[in-house]
Amino acid sequence: MDQKTEKSNLIEGATGEWEVVIGMEVHAQVTSNAKLFSGASTEFGGEPNSHVSLVDAAMPGMLPVINEGCIAKAIRTGLGLKAQINLSSVFDRKNYFYPDLPQGYQISQYKNPIVGEGEVIVDLLGGERVVVGIERLHLEQDAGKSLHDQHPQYSFVDLNRSGVALMEIVSKPDLRSSDQAKAYVSKLRTIMRYLGTCDGNMEQGSLRADINVSVRRPGDPFGTRCEIKNVNSIRFIGQAIEHEARRQIDILEEGGTIVQETRLFDAKTGETRSMRSKEEAHDYRYFPDPDLLPLELTQGFVDGLAQNLPELPDAKRARFIADYGLSPYDADVLIIERESADYFEAVAKDRDAKQAANWVINELFGRLNKEGRDIVDSPVTADQLGSILDLIKAGTISGKIAKDVFDIVWTEGGDPKAIVEGRGLTQVTDMGAIEKAVDEVIAANPDKAEQAKTKPALAGWFVGQVMKVTGGKASPQAVNTLLKQKLGIE
Amino acid sequence: MTKLTDLTIAEAREGLRAKSFSARELAEAHIDAIDRANDALNAYVLKTPERALEMADASTARLKKGEGGALEGIPLGIKDLFCTKDVRTTACSHILDGFTPTYESTVTANLWAEGAVMLGKLNNDEFAMGSSNETSHYGPVVNPWRRKDSSVKLVPGGSSGGSSAAVAARLCMGATATDTGGSIRQPAAVTGTVGIKPTYGRCSRWGIVAFASSLDQAGPIARSVRDAAILLKVMASSDPKDTTSVDMKVPDYEAAVDRGVKGLTIGIPKEYRVPGMAPEIEKLWQQGVEWLKAAGANVKEVSLAHTKYALPSYYIVAPAEASSNLARYDGVRYGLREKGADVISMYENTRAAGFGAEVKRRILIGTYVLSAGYYDAYYLKAQKVRTLIKQDFDQAFETVDAILTPTTPGPAFALGEKSGDPVEMYLNDIFTVTVNMAGLPGMSIPAGLSSEGTPLGLQLIGCAFDEETLFRAGRVIEEAAGPVFKPQDWWSKR
Amino acid sequence: MSVDRATVRRIAHLARLAITAEEEARLEKELSGILDWVAQLDELDTSNVEPMTRVAAMTMKKREDRITDGFCAGDILKNAPMADDHYFVVPKIVE
Ligand SMILES: [Mg+2]
Ligand SMILES: [Zn+2]
């Protein structure tokens, strides 16, 4: 068993344990205005064939000219993956015929990619950590889209996506479970969103994964792999791997052998299936695209990009743990989106960071999740949440009231301080008034007061009653102190 | 008075400026000549007389105002490889049946911007693959030149056979052409015209139907060195739409024409003295040497050691790139579509019906040499041989300013004479192809007549981006050879 | 280096060219002839030679990341052998 595998990752078969080995090719759409080799828009949607230039439609005599913005973003991503940046790289043609591939070839990078080896640290929420090797990152064109289910005899081809820039990020076969694979893709997504190089929008196809799956007995050499094409959600990635691993194990346990092939994941059944158009072995006839010169970059250009990188997720995570004393779990949750991390830091500034983390993770994220909203359009701003925390700290409101205030700000907006004052939510700190309430409650419950002397746990019940009487506005600390005195609890 | 169609571009330019005749008259003279000649010569695959007259009238209007560009009112023919907006462009292939571009190639746009007038689209070998113009879907072009006392139809060379024939037969004042392995220079040589393939990168390839991207280059065919200079100056440009076009100012080539060769050193590559070279070619070559010497040039033998490998490596590189460039002709977005039971058979039937035999042959060779396991042995090897060929030239150009060779191994051959064996046909490009492999400029100048009475050309090869020296030396040869390069008109219907 | 009939068939399919049996026979001969002829390159040792990538030292031109093109579906579809509702139409593809 290799080090990447924790015992818990092994899959129990009928004849013993199996280990799944996963490598991924993630296709990430570069966030750009225009396509990789043309000036047509990359905007999602649009009338069919409207975001298409003569170059994208491969009209006779058309020539590609590279988009420098895409080059810069590929390098930024490479830097974010701590990868080797190749100052000289080459665009090749990958030749094959398909109606949504107008040129009859895809311009890609084969032998000399723009980015070489790197690594990604993946922390699973359960505390497991995997370091996934990156083999390479290269730039290539996306294909168009064919609709197959509109007509019994025909397919319909829309070239709007044709020529959109993709980064293909190829991992080493370092993943050992579907959870690791899911966490890996999430982490890639996080890194690229931090860098602004891919929006990670999986519904719109900005991030798709080809998954290579094989199984073996722990300690054995790699088994024969199958490639599952174009899986477009994190959940599906997990399902596809689970299903494929189980399928392979079943075959092997029944004495069969795995045939190397390309498979499709069917989201409806949660299964993978062999592609029906099982073509003859591919022969892509790669060769350098003679329409393009080699891509040569200067170290200065790369250094300039490196200097302008934002703080990346790993560094931020480490800082959150070290500087704010957060738990690794809280740090992981907060850094997934750069906007969440920024939000947290704005709330935590000059305040109790753990309390800030609790509020952001539990109250804010909880509510956002429930309502399917994004941190960037949170109805409660970091300033507003910060001032709610300030009101707690000043003793103006209790934690419970704070939640009510949070709810008011969420639904109605407004300044928390003004809301608290305007609606009389201020905590009662007048000891006379609190003492009166305490006395009332004790007087009304003489039996319980008697019991409390021997059963101090009953104090909690009395606190609740007093809070009820005071409409939740009494300072819990004051109530506690007074109750202990009056009930004679030490 | 000389017939309007006999004028050179330089002469017509003066005549138009002096209002000796109008642009419309000049266009009409050519339209008439085309109408009378095309049945016999088949140089034009599409005539655009209305457009020509419209453009000519616009030229007249500009000339009247004292405006007008460098080619104002000059009627030209356009090889069918150049995409012309709203004018059918097929590369003379069935597979581009009826294709009408919505865009204009950079080179032709440059011509129109300087006032040139389009007479129509000129025939060529299908996708520019051929050396005799016999592979065109529209049938072969006939060379206006005939052998002495013979009416045997001769080829006009290829692939720019329509261009060379039209210029030689006075069916346009000049023509655009393209050259991947000799397709400007070889047809120019066998029709008694001047053709220059500039340095790779000089003219934009944008909007020209691609054959082999790393070799293709546009250039003019004209009736004089000066005319070629005038045309190239306008055709050449730096184009942001073509990554391989060079960012360099285009010199005033016409200014170089009369500068002479005094003090220049001309190299004679010994490897071009191929075994079995026809004595009359050998003699012509020697004559060229004498002319240049007489004009004050020094002549020196040089070695281009890898010359013999140029043609075989060309027949790897060019088909390989072509096999990929021609993949876009699939019946989906434009051109021919043949029915098929499914997409794959639709492709296969369309491409089988749309491409001719020579194109198929090259697609298959190209597909083979790029296929799994063969890339290194063929394509990569051939690209390495190119480096060696280029190094030979670099070395030679350390001591010489230009190189003189014959353009072709012989004069125009008869239609059908060489179409049996592909390799035999390929050998026509033996002297021209090295220039494409190294990306250098090369020019063919009519230099004499063969024993059959048909034209022969000499080729000048220059350093990268030094077309000016070619115009200088080319003019010297042109002047020495004298004005004998006009075929007898046998083709015009009365 | 010569090619056999099966190879001709294989590359014809790779190149999406339907060929008849008669063409197969002719191509087998022609392609073998061409390949025999180019085999003279084997005489050259190119192990220490870099492949040629350009005529003159120049850096690749690049475009800015700006939208300068597209929005011309009419032009894109103008020459289509078959189109419907701004889509190109092809015989049904089975995956
Ligand atoms: Mg891949
Ligand atoms: Zn890819």
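In what follows, the structure referred to is the one given above.
Keep in mind it's a predicted model, so treat the numbers as computed, not measured.

### Observations regarding the overall build of chain B
When helices and strands are tallied, chain B shows 16 helices and 11 strands. In summary, chain B has a C-alpha radius of gyration of 21 Å against a globular reference of 23 Å for 494 residues, a match within 12%. Viewed in the frame of its principal axes, chain B has a C-alpha envelope of about 65 × 50 × 50 Å. When the accessible surface of chain B is totalled, it reaches about 14500 Å², and 50% of it is carbon and sulfur.

### Some thoughts on the overall build of chain C
A count of helical and extended segments in chain C gives 3 helices and 3 strands. Going from N to C terminus, chain C has its helices and strands arranged as α-α-β-α-β-β. What you see for chain C is a C-alpha radius of gyration of 23 Å, clearly larger than the 12 Å of a compact globule of 95 residues, by over 25%. Taking the principal axes of the C-alpha coordinates as reference, chain C spans close to 55 × 45 × 25 Å. In chain C, which comprises 95 residues, the proportion classed as buried is 47%.

### Let's talk about the packing of aromatic side chains
Residue and element names in this part refer to chain B. According to the stated counting rule, one finds 31 aromatic pairs over all chains in the structure shown. Summarising the aromatic geometry, the rings of phenylalanine 393 and phenylalanine 397 are spaced 6.2 Å apart at their centres and angled 20° between planes, so their arrangement reads as stacked. Across this residue pair, the class does not change: phenylalanine 393 and phenylalanine 397 are buried. Ring-pair connections join several aromatic residues into one group, and the members of that group are Phe99, Phe127, Tyr329, Tyr334 and Phe355. Over the ring of tryptophan 490 we find arginine 146, and its NZ or CZ is 3.7 Å from the ring centre.

### Observations regarding the coordination of the zinc ion (ligand 2)
Residues and elements named next belong to chain A. Around the zinc ion (ligand 2), the protein supplies His27 (NE2), Glu140 (OE) and Glu168 (OE) as donor atoms, at distances of 1.9 to 2.1 Å. Summarised as a motif, the one-chain spacing of the donors to the zinc ion (ligand 2) is H-x112-E-x27-E. Taken as a pair, the zinc ion (ligand 2) and the magnesium ion (ligand 1) show a spacing of 3.9 Å, with glutamate 168 coordinating each metal. Residue histidine 27 is found in strand E2 (residues 16-29), and its partner glutamate 140 is found in strand E8 (residues 129-141); the two are separated by 113 residues along the sequence.

### Observations concerning the coordination of the magnesium ion (ligand 1)
Metal coordination angles in their ideal form are 109.5 degrees for the four-donor tetrahedron and 90 or 180 degrees for the six-donor octahedron. Residues and elements named next belong to chain A. Donor atoms from the polypeptide that bind the magnesium ion (ligand 1) are Glu25 (OE) and Glu168 (OE), placed at 2.6 to 2.7 Å. For glutamate 25, a relative accessible area of 18% corresponds to the buried category. Residue class for glutamate 168 comes out buried when judged on its relative accessible area of 10%.

### Re the interface of chain C and chain A
Taken together, the contact pairs 39 residues of chain C with 52 residues of chain A. Here chain C packs against chain A, burying approximately 4100 Å² in sum over the two surfaces, 62% of which is carbon and sulfur. The salt bridge involving aspartate 283 of chain A is made with arginine 10 of chain C; its shortest N-O contact spans 3.9 Å. Across the chain C-chain A interface, the total number found is 17 residue pairs in polar contact (both at pLDDT 80 or more). Where the side of chain C that touches chain A is concerned, the elements lending two or more residues are helix H1 (5-14), strand E1 (62-63), helix H3 (73-77) and strand E3 (87-91) of chain C. In the side of chain C that touches chain A, the residues fall into 18 nonpolar, 6 polar and 15 charged. As paired elements, strand E10 (residues 154-158) of chain A and E3 of chain C share 4 bridges and run antiparallel to each other. Across the sheet, tyrosine 154 of chain A pairs through a bridge with proline 91 of chain C, a residue of E3 of chain C.

### Some words on the packing of helix H2 (residues 178-195) of chain A against helix H3 (residues 234-253) of chain A
Residues and elements named next belong to chain A. H3 packs onto H2 with a crossing angle of 150° between their chain directions and a minimal axis gap of 9 Å. By the angle between their axes, H2 is roughly antiparallel relative to H3. You can see that H2 and H3 cross each other, and the crossing is right-handed. Listed contacts from H3 to Ser178, Ala181, Lys182, Val185 and Ser186 of H2 are Ile234, Ile237, Gly238, Ile241 and Glu242. The class makeup of the residues in the contact of H2 with H3 is 5 nonpolar, 3 polar and 2 charged.

### Quick word on the interface of chain B and chain C
Think of interface size as the accessible area that goes away when the parts come together; that is how it is often given. On the chain C side, the residues contacting the 70 residues of chain B number 50 residues. When chain B packs against chain C, the two sides together hide about 5100 Å² of surface, and 70% of this comes from carbon and sulfur. The tally of links between chain B and chain C comes to 5 salt bridges. For the salt bridge of arginine 361 of chain B with glutamate 30 of chain C, the shortest nitrogen-to-oxygen distance reads 2.8 Å. Elements with a contribution of two residues or more to the side of chain B that touches chain C: helix H10 (307-325), helix H11 (343-354), helix H12 (357-370), helix H13 (376-396), helix H14 (422-426) and helix H15 (433-438) of chain B.

### Describing the sheet that holds strand E6 (residues 105-108) of chain A
Overall, antiparallel pairing links the 3 strands, which are arranged E6-E5-E16 (chain A) in an open sheet. Where the open sheet ends on each side, the last strands, each with one partner, are E6 and strand E16 (287-288) of chain A. Against the sheet, H10 of chain B engages strand E5 (92-95), E6 and E16 of chain A, with an angle of about 60° to E5 of chain A.

### Here's the deal with the packing of helix H2 (residues 23-41) of chain B against helix H3 (residues 49-64) of chain B
Residue and element names in this part refer to chain B. Where H2 contacts H3, the two axes come as close as 8 Å, and the packing angle between them is 160°. As judged from the angle between their axes, H2 and H3 are roughly antiparallel. For the crossing formed where H2 meets H3, the hand is right-handed. Of H3, the residues touching H2 (which contributes Ala23, Arg24, Ala27, Glu28 and Ile31) are Pro49, Ala52, Leu53, Ala56, Asp57, Ser59 and Thr60. Looking at side-chain class alone, the contact of H2 with H3 contains 7 nonpolar, 2 polar and 3 charged residues.

### Thoughts on H1 of chain C
By the burial criterion, the buried members of H1 of chain C are Thr7, Val8, Ile11, Ala12 and Leu14 of chain C. All buried residues of H1 of chain C fall inside an arc of 155° around its axis, so they share one side. Where the residues of H1 of chain C are buried, they touch H12 of chain B together with helix H2 (21-38) of chain C. Positive phi shows up at arginine 16 of chain C, right after H1 of chain C, with a value of about 50°.

### Quick word on the environment of tryptophan 461 of chain A
Residue and element names in this part refer to chain A. Along the chain, the position of tryptophan 461 falls in helix H14 (residues 459-469). Its relative accessible area of 29% is what places tryptophan 461 among the partly exposed residues. A sequence separation of 22 residues divides tryptophan 461 from aspartate 439, and the C-alpha atoms of the two residues are 14 Å apart. In contact with tryptophan 461, other than residues within four places in its own chain, are Asn445 and Lys448.

### Concerning the sheet that holds E10 of chain A
Sheet architecture is open: 4 strands sit in the order E9(A)-E10(A)-E3(C)-E2(C), paired in antiparallel fashion. The open sheet is flanked by strand E9 (145-147) of chain A together with strand E2 (83-84) of chain C, the only strands paired with a single partner. In the sheet, E2 of chain C pairs with E3 of chain C via 2 bridges, with the strands oriented antiparallel. Counterpart to alanine 83 of chain C in the pairing with E3 of chain C is phenylalanine 88 of chain C.

### A closer look at the nonpolar core
Residue and element names in this part refer to chain B. Of all hydrophobic cores here, the largest spans 204 residues; its most connected members are Leu111, Phe127, Leu171, Phe393, Leu404 and Phe471. When residues in this core are grouped by element, the largest group, 10 residues, is from H10. Setting aside its immediate chain neighbours within four residues, leucine 171 contacts His30, Ala33, Ile34, Ala37, Leu41, Ala43, Tyr44, Leu119 and Ala166.

### Quick look at the pairing of strand E15 (residues 271-274) of chain A
Residue and element names in this part refer to chain A. As defined by bridge partners, strand E14 (residues 262-266) adjoins E15 across 4 bridges and the pair is classed as antiparallel. The partner of phenylalanine 265 across the bridge, within E15, is threonine 272. Linkage of E14 to E15, two consecutive antiparallel strands, is achieved through a turn of 4 residues, within which glycine 270 is found at a positive phi near 75°.

### Topic: the pairing of strand E8 (residues 298-302) of chain B
Residues and elements named next belong to chain B. As paired elements, strand E7 (residues 265-269) and E8 share 5 bridges and run parallel to each other. Considered in E8, the bridge of proline 269 is made with valine 302. As for the winding sense of the linkage, the β-α-β connection from E7 through helix H9 (residues 279-294) to E8 is right-handed.

### Considerations on the side chain of arginine 208 of chain A
All names here are of chain A. Its location among the elements puts arginine 208 in strand E12 (residues 207-216). According to the relative accessible area criterion, arginine 208 is buried, its value standing at 15%. Looking at arginine 208, its side chain comes within polar contact range of the main-chain oxygen of glycine 205, at 3.2 Å. A polar contact is formed between the side chain of arginine 208 and the side chain of asparagine 230, at a distance of 3.2 Å.

### Some words on the pattern of salt bridges
The tally for this structure, following the rule as stated, stands at 75 salt bridges over all chains. Across the pair arginine 93 of chain A and aspartate 289 of chain A runs a salt bridge whose closest N-O atoms are separated by 3.2 Å. Linking arginine 93 of chain A in strand E5 with aspartate 289 of chain A in the loop between E16 and strand E17 (295-296), this pair joins segments that are 196 residues apart in sequence. Here arginine 93 of chain A falls in the buried class, since its relative accessible area comes to 0%. A relative accessible area of 1% means that aspartate 289 of chain A is categorised as buried. Among the salt bridges present, the one from arginine 5 of chain C reaches glutamate 28 of chain C, with a minimum N-O distance of 2.6 Å.

Basis of the calculations
Residues numbered from 1 in each chain as written. Chains lettered and ligands numbered in written order. Predicted model: local features only at pLDDT ≥ 70, side-chain atom pairs only at ≥ 80, totals over all residues. Heavy atoms only, no water. Helix = DSSP H or I, 4+ residues; strand = E, 2+ residues; numbered from the N terminus. Rg over C-alpha atoms; globule rule 2.2 N^0.38 Å. Areas by Shrake-Rupley, 256 points an atom, 1.4 Å probe, with all protein chains shown as cover. Buried < 20%, exposed > 50% of the residue type's maximum accessible area, 1.4 Å probe, protein only. Phe/Tyr/Trp six-rings, centres within 6.5 Å; stacked < 30°, edge-to-face > 60°. Lys NZ or Arg CZ within 6 Å of the ring centre and 35° of its normal. Donors = N, O, S within 2.8 Å, 3.2 Å for Na, K, Ca; no water. Contact = heavy atoms within 4.5 Å. Buried area = accessible area lost by both parts, 1.4 Å probe. Salt bridge = Lys/Arg side-chain N within 4 Å of Asp/Glu carboxyl O. Polar contact = N/O pair within 3.5 Å; in protein donor to acceptor, adjacent residues only side chain to side chain. Nonpolar A, V, L, I, M, F, W, Y, C, P; charged D, E, K, R; others polar. Pairing = 2+ DSSP bridges. Axes fitted to C-alpha atoms, helices over the stretch in contact; angles between N-to-C directions. Parallel < 35°, antiparallel > 145°, perpendicular 65-115°, else oblique. Left-handed = near helix turned anticlockwise from the far one by under 90°. Arc of directions from axis to C-beta. Core = buried A, V, L, I, M, F, W, Y, C linked by side-chain atoms within 4.5 Å. Right-handed = clockwise from strand over helix to strand, strands pointing away.

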